[in-house]
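# Structural features, examined
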Amino acid sequence: MIQTRGFDVIVIGGGPAGCHTAMAIARYSNQNLSILLVDRNPRPEFGKKTITGWSCGDAVSKGSIENIRENLGVTYYKPELEHYVRGVVAYSPDHETSVLFEGDGYVLNRKLWPQKQLESCEKFGIQMRFHIAARSLLVEDGSVVGIEGVDQTNNSVFRETARVVVDASGCASVLRVTLPIKSYIQKEIDRDDIVAIRRYILEFDHGGEDKTFFDPDVCIIHLDQYLAPGGYAWTFPKGDNKVNIGLGVQKKSLDRRNRIFRKDDNLKSLVDEYVGSNPVIKKAKLPDGAEDRGNVDNAWQASVRRPNDCLVANGYAIIGDAAWMPRPIDAGGLGPSLYASVILGRVIAEAVEAGDVSERSLWKYNLEYMQGYGSQMASFEVLRRFLQNLSNEEISYGMKHFLSYEDVEKITKREHPRFSRIRLLEPFMLFRIATHWPLANGLRYTVKKHSSLLELYNRYPESPEQFPEWHRRLQGELEKAYARFP
Ligand SMILES: Cc1cc2nc3c(=O)[nH]c(=O)nc-3n(C[C@H](O)[C@H](O)[C@H](O)COP(=O)(O)OP(=O)(O)OC[C@H]3O[C@@H](n4cnc5c(N)ncnc54)[C@H](O)[C@@H]3O)c2cc1C
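A few points on the structure. (Residues numbered from 1 in each chain as written. Predicted model: local features only at pLDDT ≥ 70, side-chain atom pairs only at ≥ 80, totals over all residues. Heavy atoms only, no water.)

## Overview of the pattern of salt bridges
Operational definition: When a carboxyl oxygen of Asp or Glu lies within 4 Å of a side-chain nitrogen of Lys or Arg, that pair is called a salt bridge. Secondary structure elements are defined from DSSP: runs of H or I of at least 4 residues count as helices, runs of E of at least 2 residues count as strands, and each element is numbered from the N terminus. The rule is simple: take the accessible area with a 1.4 Å probe, protein chains only, and divide by the maximum for that residue type; under 20% is buried, over 50% is exposed, in between is partly exposed.
Using the criterion set out here, one finds 31 salt bridges in the structure. With its nearest N and O atoms 3.0 Å apart, the salt bridge here joins Glu148 to Arg159. Placement of the pair is Glu148 in strand E8 (residues 143–151) and Arg159 in strand E9 (residues 156–167), with a sequence separation of 11 residues. With its nearest N and O atoms 2.4 Å apart, the salt bridge here joins Glu465 to Arg360. A residue pair is termed long-range when its members are at least 10 positions apart, and Glu465 in the loop between helix H13 (437–458) and helix H14 (467–484) and Arg360 in helix H8 (residues 359–371) qualify at 105 residues. Arg360 gets classed as partly exposed once you look at its relative accessible area, which sits at 49%. Among the ionic contacts, a cluster of salt bridges with common partners joins Asp193, Arg305, Arg306, Asp309, Glu381, Arg384 and Arg385.

If you want it as structure tokens, here you go:
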């Protein structure tokens, strides 16, 4: 039996979710708690997601960076905030409609940003261990009490105990999948709720001016079911002659598209075609400066479902990609990770100081996250399922005729659009609805579903006992939507 614990908290994973949670715990406990952060990478490669790099589109809103400055007192500057943008523009497949989602943001240098996070963690007194790959959770009396893994410097067993373990080990978390105690945390994800993503960082010469393909002031998204089936392609500026360019696809949608068009495309061939068809990007080359080396060409995955329906268990919490937090319609996971880290840090600091790290005590994190950022995500999951099944013609038509300014504003605020144009009883709109009935009707359905899901999330259970009944109702709502958009 473990009597004393080595640390108050162990955080696994030095990505943005893990680092900011560790800093938040330190901040909210006035640095009174002992915190250990372990990452499987060596120090110079801290926070690296896979052996191919810090795979990311690198885009983050200014609001998310400000949230960290305001709550944790941590400020980021250049060079980690590599390039400023004033918003995101999405183009319809026929390129006839563009929608600007206005809002300041940055395209990060994802290799340099973790080094700044590492420096800040050390200033907060957090102990860092590199080269430690966590493999399993230690448990006792139905509670998580530590981790076991491998110290990769000498292949020895690494074992450490704590009152709370935070799993921030990314979307392929082995700890969540093998969680050995009774809990409401869902362990497995449906593979259709994952997108495969590949991207390059490129320097290039300008082959001309075409702001629908490259604009140094905005992040560009190209919606196209042929080019990026079930996902989208992006061109995010990192300077006047530098981009982060890539695309994400749903495997099932790619297989269907290949069958229909008798093609044999894969992620690499699609992204190469996307880069090759860009009239602005010419003489592209992979940069070899130290700030990008080892991070210029990589592929990885992201979840596009609602967050895990429960984020805590006795002595254990999940966050970031390990908790499926990326937004279902664009796979943006940095904003929700940073938002959640502030909540989780505060809840853990209070729980440890109160001497109660049970599921019930950590439940406040569930409640605050689900009633805040998390509340919109289930309806975005339904919308995503609907959009993935639309044809290019339907997407172009919908963007042109059914999307209003109000909808764009809602999406910019990470809220579900209302598609109120579809309710207008004008002759023109009636004609458009009639000629595109499945599209109009499907969009209307997503709005109705959004209302019922939002209501459900606003009544997220206040204690673990109420969870099974709430979850039964959530599953009922979602199953109806899945039956509608199979
Ligand atoms: C190609 C791509 C493009 C994306 N583009 C964007 C974008 O433009 N904007 C946006 O907001 N989001 C984007 N996302 C999502 C975003 O990158 C993630 O949501 C974010 O990185 C999640 O942070 P995290 O800390 O939860 O996980 P991660 O960043 O994955 O960090 C996990 C860390 O844990 C370490 N680790 C894993 N397992 C173990 C273990 N067993 N033991 C010890 N350490 C371990 C990893 O090495 C890593 O350091 C993109 C994702 C991909 C794949």
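## Quick notes on unusual backbone geometry
Each neighbour pair has its own omega, and for Lys78 with Pro79 the value is 5°, a cis peptide bond. Mapped onto the elements, Pro79 comes out in the loop between helix H2 (62–72) and strand E4 (83–91). Positive phi outside glycine occurs at His131, with the angle close to 65°. Mapped onto the secondary structure, His131 falls in the loop between strand E6 (127–129) and strand E7 (132–140). Taking the relative accessible area as the measure of exposure, His131 reaches 25% and is therefore partly exposed.

## Overview of empty space enclosed by the protein
We count it as follows: Definitions used for this entry: grid spacing 1 Å over protein atoms alone; cavity, a set of points where a 1.4 Å probe fits but cannot get out; pocket, an open set with protein on both sides within 12 Å along at least 5 of 7 lines; lining residue, one with an atom within 4 Å of a point. Grid points are joined across faces, edges and corners, and a volume is the space filled by probe spheres set on the points. Side-chain classes follow a simple rule in which Ala, Val, Leu, Ile, Met, Phe, Trp, Tyr, Cys and Pro form the nonpolar group, Asp, Glu, Lys and Arg form the charged group, and the remainder, Gly included, forms the polar group.
This model, assessed by the stated rule, comprises one cavity of 30 Å³ or more. Quantified by volume, the largest cavity comes out at close to 30 Å³. What lines the largest cavity is simply Cys171, Ile189, Ile194, Gln301, Ser303 and Trp324. Residue composition of the lining of the largest cavity, grouped by class: four nonpolar, two polar and no charged.

## Quick notes on the site of the ligand
Stated precisely, the cut-off is as follows: If even one non-hydrogen atom of a residue comes within 4 Å of a molecule or strand, that residue is called near it. In protein, a polar contact requires one atom able to donate a hydrogen and another able to accept it; more generally it is a pair of N or O atoms within 3.5 Å, and residues adjacent in sequence count only if both atoms are side-chain atoms.
Around the ligand lies a shell of 35 residues, among which Lys48, Lys49, Gly57, Arg110 and Asp321 are the nearest. Separating an oxygen atom of the ligand from a backbone N or O atom of Ala17 is a distance of 3.0 Å. Note that an oxygen atom of the ligand is positioned 3.1 Å from one of the side-chain N or O atoms of Asn41. Mapped onto the shell around the ligand, the elements with two or more residues apiece are helix H1 (16–28), E7 and strand E15 (297–303). Sort the elements by how many residues they give to the shell around the ligand and E7 lands first, with three residues. Looking at the shell around the ligand, its residues break down into 15 nonpolar, 13 polar and seven charged.

## A word on H1
Keep this limit in mind: Helix span is expected to be 1.5 Å times the residue number reduced by one. Residues are treated as being in contact if the distance between any of their heavy atoms lies within 4.5 Å.
If you check H1, its first and last C-alpha atoms are 18 Å apart, about what 13 residues at 1.5 Å a residue would give, namely 18 Å. Among the residues of H1, Pro16, Ala17, Gly18, Cys19, His20, Thr21, Ala22, Met23, Ala24, Ile25 and Ala26 are the ones counted as buried. Taken together, the buried residues of H1 touch strand E1 (7–12), strand E2 (35–38), H2, helix H3 (113–123), E9 and helix H7 (334–354). Directly beyond the C-terminal end of H1, a positive phi value near 50° is found at Asn30.

## Details of the environment of Gly230
Inspection of the secondary structure puts Gly230 in the loop between strand E11 (219–222) and strand E12 (232–239). When neighbours within four sequence positions are excluded, Gly230 is seen to be in contact with Val195, Gln225, Gln250, Ser253 and Gln388.

## Structural notes on the layout of surface pockets
Rolled over the atoms, a probe sized like a water molecule indicates the empty space that remains. There is about 220 Å³ of room inside the second largest pocket. Contributing to the lining of the second largest pocket are 13 residues, with Gln225, Arg256, Arg257, Ile260 and Leu390 lying nearest its centre. Of the residues forming the lining of the second largest pocket, the biggest block, five residues, is contributed by helix H5 (residues 251–261). In terms of residue class, the lining of the second largest pocket is made up of five nonpolar, six polar and two charged.

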